[in-house]
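# Summary of the model geometry
The lines below spell out each chain.
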Amino acid sequence: MHEKNDFLLELLTEELPPKELTTLAQALTEAIEKKLKESSLAYQNAQYFATPRRLAVLIQQLDEVQPDRQVERRGPPLSRAFDNEGNPTQATLGFAQSCGTKYTELNELKTDKGAWLVYAYRETGRSVFELLPTIIQEATQQLPIRKPMRWGSHAYTFVRPVHAVIMLYGEKIIPCEILGLQSANKTQGHRFLSSGWLTIKQPNEYESTLKKSGFVIPDFNERKNIIEKQLLDAASQINHDVNIDVDLLDEVTNLTEWPVVLTGTFDAAFLEIPQEALMSSMQHHQRCFPLVDQHKKLTNQFLIVSNMVSKEPQKIIQGNERVMRARLSDADYFYRQDLSKPLIQYVDDLNRVVFQAPLGTLYEKAERLAKLAAFLAPLLDVNLPIAERAALLAKTDLMTQLVGEFPELQGIMGYYYALKSGENAQITEAIKEHYLPHYADAPLPKTALGKILAIADRVDTLIGIFGINKKPSGDKDPFGLRRAAIGLIRLLQEIPSLNLDTLLCQSVAIYGHKLTLPTVADDVRDFIYERLKHWVTADNEYTIEQFLSIDKKHLHHLADFMARLTAVRAFSTLPESKSLASANKRVVHLLEKQGNIAAIDTVEPSLFKESAEKILWQAITTKETEINAIADYTDRLKTLAALKEPVDQFFDAVMVMAEDTSLRQNRLALLKRLRALFLTVADISRLVMAST
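Throughout what follows, the structure given in this document is the object of discussion. (Residues numbered from 1 in each chain as written. Predicted model: local features only at pLDDT ≥ 70, side-chain atom pairs only at ≥ 80, totals over all residues. Heavy atoms only, no water.)

### Observations concerning the overall build of the protein
Assigned secondary structure in the protein consists of 25 helices and 20 strands. Computed over its C-alpha atoms, the radius of gyration of the protein comes to 35 Å, more than 25% above the 26 Å expected for a compact globule of 692 residues. A burial count over the protein gives 50% of its 692 residues as buried. Relative to all contacts within the protein whose residues are 6 or more apart in sequence, the contacts with residues 24 or more apart total 68%. (Helix = DSSP H or I, 4+ residues; strand = E, 2+ residues; numbered from the N terminus. Rg over C-alpha atoms; globule rule 2.2 N^0.38 Å. Buried < 20%, exposed > 50% of the residue type's maximum accessible area, 1.4 Å probe, protein only. Contact = heavy atoms within 4.5 Å.)

Below is the structure:
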């Protein structure tokens, strides 16, 4: 029985890019795990560590040696292995020599695909001391590094220069060269709080040694939790709330090894700037956390995540405050410059920015949005001139200096600039809302005009980009069309009266000759259909069979499509659903066998021979009357579920494909009427796969 021990890899580097650090650590761990499994080396668990100056992986209870394995090498086919006299051919002798044996030691392998000479032997497992150097070398070369660096005079590349490598199995160093460095068991602690080299005696002491002697918390999640707690505690001490941006929290976690939260202050005069602009400057330029009062209004204090303990923390605070003052002064300058003219005067500036070369400038896009908004306005009882003006102003803040500096403020600053310019309240709110929803489950616009602009913007982009044949392919979607389609789907559900097909055709007409793809409206419609299918089935909210039961033609009214889908999901939970779905599937097969289904239409009750036919006919005519008075699709399918008994009796007692033609046609017409009842909602025959 071979031993098991922990294995530690650490790459000590220059400061790593914080936004890539976690991805690199995870990728390194996954690559090592994959190669260990390929090498048949069993282990208990894998854990990564990541700080600004190190990537490390701890493999717990790793087998010291591969298990022995039986190997079978295949040689020449038997048909070419021996000559007519039974002597070995040159191919056989060469194969035996390559295996280090005599040809008489070779065996025969016969399968249904042929027969060959084979050499079977037992391969002794190799130790981790032989395998790990190659595994680690290959794993480091496979990391998703966007811009590899080269340092010194050698040809090795990595995300940042590497200064030391730990390769430790149990208490033993695995001797090898990784990225031009000889492996050892030494590392360094915090750049400022620790000095000299730290010796790691064995892998399971790595984390504790760095904490106790190196002022380094190597575990990402532990550092993140510490920072979050310190942020909340610091805010609570001064009766404020902290605005914790998740991405920023991850970033500062990857910028620190020994985090300490401090509180800074800036001039309250800066609070005249819209708080979103101030918060963007704090978070993106200074990586600080804004503090808000109990009413969610920004205060003139902020939290700093420092990377060290200092005897004079005030100096760190003052340094951050000085830089913060400069950043906020820039924001203040941009804001006041932007306000030097009303928002409407930025409209002509849109001519200076190309939306897409074949589609024209942002000004031309704004004109198209105005036309689409005019088309949509009557549906939501929005004043036409207001809708057109809002569309023209929607993109103007892209031409302002502050949005140029902070693109994430588009729409938000447009709202503030529109307010300062004295624009109508509907217009100011719509400018802010028209970028909603930002992602699949994000909030939607609340105002009617906001919904109009949001729909117009997405439709114009989808038709335009598809119309010049730049639709998404594979995992590439540079124009965010998948996100735009999901946003459009959610928005259209808010306006049941809006016809998707009419909307797409209207956009095509507005574009005119600029589009080069004649099938663009159909292509966008199909794209939206596929995105809808992916969206509603991704989290198993609906099954693919439930989705496919709704005829694609109903997509033109998204709200109606979703109401049908919801009804089918509810129907699928009924005890009658499985039997009725199977019956409908059977009806489909019977009707498909007939050459002219359309001709099978009229039911003649006088031709009924069996009581089951009469009972089913009576049930169908009754349900036809009932469902005509039921608008809700869920209630309609629940009503039709009562047909289970007469349908089951019919198929048990009646031979549908009778020899008598008139009898057969009449029974098929009866089943066609049955199927038509369910098709008023969906094709429940598509549920058979889901219910089996």
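Moving on from the coordinates now.
### Some points on helix H12 (residues 412–420)
Note on helix geometry: an α-helix contains 3.6 residues per turn, so any two residues three or four positions apart are oriented the same way. Among the residues making up H12, those that are buried are Met413, Gly414, Tyr415, Tyr417 and Ala418. As for H12, its buried residues are in contact with helix H7 (275–285), helix H8 (313–338), helix H11 (401–405) and helix H13 (425–433). Looking one or two places after H12, you find Gly422, whose phi comes out positive at around 75 degrees.

### Here we look at the sheet that holds strand E6 (residues 114–123)
Strand order in the open sheet formed by three strands is E4-E6-E5, with antiparallel pairing between adjacent strands. This sheet does not close on itself; its edge strands, each paired only once, are strand E4 (69–77) and strand E5 (107–111). The sheet shows a mean angle of 40 degrees between the axes of neighbouring strands, direction not considered. Relative to E6, E4 runs antiparallel, the two being bridged by seven bridges. The partner of Arg69 across the bridge, within E6, is Glu123. Along the sheet, helix H2 (residues 90–98) contacts E4 and E6; its crossing angle with E4, the most-contacted strand, is approximately 160 degrees. (Pairing = 2+ DSSP bridges. Axes fitted to C-alpha atoms, helices over the stretch in contact; angles between N-to-C directions.)

### Quick notes on the sheet that holds strand E1 (residues 4–13)
Pairing in this open sheet of five strands is antiparallel, and the strands run E2-E3-E1-E9-E10 from one edge to the other. Every interior strand has two partners, whereas the edge strands, strand E2 (45–51) and strand E10 (172–173), have only one.

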